[in-house]
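# Observations on the model geometry
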Amino acid sequence: MKISKKIELNYNISFGKMSKWLTGLTEGFALALKCSLCEKVSFPPQKICTCGSYKNSWIKLSGVAEIVTVTSGLDGNYGLVKFEGASTLTVVKLNNFNGTETFGKILKSSNQNPSIIITPTEVK
Amino acid sequence: MVYVIGCHLTDFNRRKDGSSYRDWVYETFEASLAMSSLERKDIDTLIISTESDFFTFQLNPSTVIADDLGLHKVQIVRVEGGGASGQLAVHQGVKSILSKQSQHVAIIGFDPSASYLPSETVKQLYSNSFDSLTDGMNGVTATALYALSIQLFMKKTGLNETDLANATINNRNNALHNPSAHLKLKHNQQEIFASPVISSPYRRLHCSPLSDGAASLILTNKKPLNRISAPNIIGIGSANDMVNLGARDDVGEFVSKKEAMKKASSMAGIRANEIGFAEVYDAYAGAQFQAIKALGLSSDFLKDFRDGHFSLDGKLPINISGGLMGQGAPVGATGVGQTATCAMLLEGKYHKNLQIKNIPKFALADTHGGVGTLSAVSILKSNI
Ligand SMILES: [Zn+2]
């Protein structure tokens, strides 16, 4: 015997301190956190720096990234990239990857799905 | 001391018999209890491991399971740490005995593959098992994240796609002799190279399946006089790394595993090179190599693999069960099942064609959640 149950989960939730960052993505820019102590710049932002400091400030990156490596296939194109001005690498979704591009520019994402997506480019 | 006096794994597969996870939990507990020679009323602690209530349609599952198993007035803990849940549950049991809070602990791990949910829903839920604000939003899959990590590892170590294919062939070959395994498949290299690319370099056949299943252990604090061969758990350790791959010091290395192993071997008082058998967390073909290196099981993992040292008749057999790739992976059951496999093997009670003749002194069960994000390992000692 099988019973079919359907639950609809319609999340309408807030993201606190990270809201600023998510809003940035929907407007097409990359907001990072810069540590006030060691100046490390994290993107996505880390609330506590790896040096242990919790003092930081938001900075706006250029949105241009250098591609480190890309994985492609049935699950889509995703990459690890280094955004200009960031100290960390970032996992991104790639829009239309041909396999030859080495750079990318952050793309404005939808209001309802703020995500880190880049459009790959051949040149910086 | 902690003794393993009961251990069992149900079949790992996709159930088509109309059974429920509550049946599998019952089946595995009864089998472990029978092996332990304890009675139901002797169990004073129940530890449950399952990853997500989305898949079971049951919040707070530990209490309904206790009722199903006829366990009353016992301590109950549910442990969750993604893919590491089962091994963390083992740790919880060990800690409970060592702190003298418990004498007889039942540990049960389970999960349904939730094949009754739309596959897109399952994919979305698993995306949210990484950081739901970043990875969850851009929909990156576990396969893609593991792929990014293994790409950097391959660049650094020289591991190549033929090695990935051979590891897949080895593990599924072992699974052929494991009656409870999910993927009992005899592959050849061409078949693997022809399988569709999910996230380069990972192809469909390099992935472990999501399975239905349960596994259990019964631990006790005193040497069982009627079973002096019952093995011990002598070391446990866990550690984390950053969830966001890009924030890690080294994206290709499983640093958390190295730390977890350091803690476990220090507690056990042995070195990694004394381990004679290991069940490692091969969620993907390459993850097995990342694990072996991080755990320090070999000083040259690539040469040792290519020389056949990790195969069934090698000097350090790895994933005799078939691993996650062959035996399967019901998330919450995985770590419990890996430890149960080690315990059976150390007592000479493993499946006939897979039992190692010269039983090693020490075995290792290695589990993680995320892409090596939360690692948990246990070291067992034989008493044969
Ligand atoms: Zn800092």
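Notes on the structure in this doc start here. (Residues numbered from 1 in each chain as written. Chains lettered and ligands numbered in written order. Predicted model: local features only at pLDDT ≥ 70, side-chain atom pairs only at ≥ 80, totals over all residues. Heavy atoms only, no water.)

### Some remarks on the interface of chain B and chain A
Taken together, the contact pairs 31 residues of chain B with 32 residues of chain A. Of all residues in chain B, Leu133(B), Met137(B) and Asn138(B) give up the largest surface area on contact with chain A, accounting jointly for 27% of the area buried on that side. Where chain B touches chain A, the interface holds 1 salt bridge. Note that Asp75(A) is salt-bridged to Lys123(B), the shortest N-O span being 3.4 Å. Where chain B touches chain A, the interface holds 13 residue pairs in polar contact (both at pLDDT 80 or more). At the level of secondary structure, the elements contributing two or more residues to the side of chain B that touches chain A comprise helix 6 (135-138), helix 7 (142-157) and strand 5 (197-199) of chain B. Classifying every residue of the side of chain B that touches chain A by side-chain character gives 17 nonpolar, 10 polar and 4 charged. (Contact = heavy atoms within 4.5 Å. Buried area = accessible area lost by both parts, 1.4 Å probe. Salt bridge = Lys/Arg side-chain N within 4 Å of Asp/Glu carboxyl O. Polar contact = N/O pair within 3.5 Å; in protein donor to acceptor, adjacent residues only side chain to side chain. Helix = DSSP H or I, 4+ residues; strand = E, 2+ residues; numbered from the N terminus. Nonpolar A, V, L, I, M, F, W, Y, C, P; charged D, E, K, R; others polar.)

### Let's talk about the coordination of the zinc ion
All names here are of chain A. Cys35 (SG), Cys38 (SG), Cys49 (SG) and Cys51 (SG) make up the full set of protein donors to the zinc ion, lying at 2.2 to 2.4 Å. If you look at the zinc ion, its 4 donor atoms make angles of 104 to 114° with each other, and the shape they trace is tetrahedral. In terms of primary sequence, the donors binding the zinc ion are separated according to C-x2-C-x10-C-x1-C. Judged by its relative accessible area of 4%, Cys35 falls in the buried class. For Cys38, a relative accessible area of 38% translates into the label partly exposed. (Donors = N, O, S within 2.8 Å, 3.2 Å for Na, K, Ca; no water. Tetrahedral: all angles 85-135°; square planar, octahedral: opposite > 155°, others 65-115°. Buried < 20%, exposed > 50% of the residue type's maximum accessible area, 1.4 Å probe, protein only.)

### Topic: the pairing of strand 1 (residues 31-35) of chain A
Residue and element names in this part refer to chain A. Burial within strand 1 is extensive, with 4 of its 5 residues counted as buried. Strand direction decides the pairing type here: strand 1 and strand 3 (residues 56-60), joined by 5 bridges, are antiparallel. Bridge pairing in strand 3 links Ala32 to Ile59. Looking at chain direction, strand 1 and strand 2 (residues 41-42) are connected through 2 bridges and run antiparallel. Across the sheet, Leu33 pairs through a bridge with Ser42, a residue of strand 2. Counting the residues that bridge the hairpin from strand 1 to strand 2 gives 5 residues, and of these Glu39 lies at a positive phi of roughly 70°. (Pairing = 2+ DSSP bridges.)

### Here we look at the sheet that holds strand 7 (residues 103-106) of chain A
Spatially, 5 strands are ordered 4-5-6-8-7 (chain A) in a closed barrel, and the strand pairing comes out mixed. Across this sheet, the average inter-strand angle for adjacent strands is 50°, counted without regard to direction. The pairing of strand 5 (residues 78-83) of chain A with strand 6 (residues 90-94) of chain A spans 4 bridges and is classified as antiparallel. Residue pairing in the sheet places Val81(A) in a bridge with Thr90(A) of strand 6 of chain A. With respect to the sheet, helix 7 of chain B is in contact with strand 4 (64-71), strand 5 and strand 6 of chain A, its orientation differing from that of strand 4 of chain A by roughly 90°. (Axes fitted to C-alpha atoms, helices over the stretch in contact; angles between N-to-C directions.)

### Details of the packing of aromatic side chains
Inspection of the entire model under this criterion finds 9 aromatic pairs over all chains. Judged by centre distance (4.6 Å) and plane angle (45°), the rings of Tyr146(B) and Tyr284(B) are tilted. Placement of Tyr146(B) in helix 7 and of Tyr284(B) in the loop between strand 9 (277-279) and helix 11 (285-295) is noted, with a sequence separation of 138 residues between them. The exposure class of Tyr146(B) is buried, given its relative accessible area of 4%. Through successive ring pairs, a cluster of aromatic residues spans Phe153(B), Phe289(B), Phe301(B) and Phe305(B). We note Lys60(A) situated over the ring of Phe29(A); from NZ or CZ to the ring centre the distance is 4.3 Å. Stacked on the ring of Trp24(B), the Lys or Arg Arg15(B) has its end atom at 4.7 Å from the ring centre. (Phe/Tyr/Trp six-rings, centres within 6.5 Å; stacked < 30°, edge-to-face > 60°. Lys NZ or Arg CZ within 6 Å of the ring centre and 35° of its normal.)

### Section: the packing of helix 8 (residues 161-175) of chain B against helix 11 of chain B
Residues and elements named next belong to chain B. Remark: helix 8 packs on helix 11, axes separated minimally by 8 Å, with the N-to-C direction vectors making an angle of 95°. By the criterion of interaxial angle, the relationship of helix 8 to helix 11 is roughly perpendicular. Residues Asp163, Leu164, Ala167, Thr168 and Asn171 of helix 8 touch helix 11, and the partners they reach there are Ala285, Gly286, Gln288 and Phe289. Broken down by class, the residue content of the contact of helix 8 with helix 11 amounts to 4 nonpolar, 4 polar and 1 charged. (Parallel < 35°, antiparallel > 145°, perpendicular 65-115°, else oblique.)

### With respect to unusual backbone geometry
In this structure, Pro44(A) follows Phe43(A) across a cis peptide bond, with omega equal to 0°. Mapped onto the secondary structure, Pro44(A) falls in the loop between strand 2 and strand 3. The amide bond that connects Ser200(B) to the next residue, Pro201(B), takes the cis arrangement and shows omega of 5°. Along the chain, Pro201(B) falls in the loop between strand 5 and strand 6 (202-203). For Asn60(B), which is not glycine, the phi torsion reads 50° and is therefore positive. Along the polypeptide, Asn60(B) turns up in the loop between helix 2 (53-56) and helix 3 (61-69). Despite not being glycine, Lys73(B) has its phi angle at roughly 55°, a positive value. With respect to the element layout, Lys73(B) can be found in the loop between helix 3 and strand 3 (75-79).

### Comments concerning a nonpolar patch on the surface
A grouping of Ile7(A), Leu9(A), Tyr11(A), Ile13(A), Phe54(B) and Phe57(B) is seen on the molecular surface, where their side chains present a nonpolar patch of about 670 Å² in accessible area. Turning to its location among the elements, Phe57(B) is positioned in the loop between helix 2 and helix 3. (Patch = residues over 30% accessible without salt bridge, like charges linked within 9 Å, V, L, I, M, F, W, Y side chains within 5 Å. Areas by Shrake-Rupley, 256 points an atom, 1.4 Å probe, with all protein chains shown as cover.)

### Quick look at helix 14 (residues 331-346) of chain B
Residue and element names in this part refer to chain B. With 16 residues, helix 14 ought to run about 22 Å at 1.5 Å a step, and its terminal C-alpha atoms sit 24 Å apart, in line with that. Most of helix 14 sits inside the fold, with 16 of its 16 residues counted as buried. Following helix 14 by one or two positions, Gly348 has its phi on the positive side, about 75°. (Expected span 1.5 Å × (residues − 1).)

None of the figures reported here should be taken as evidence of function without further support.
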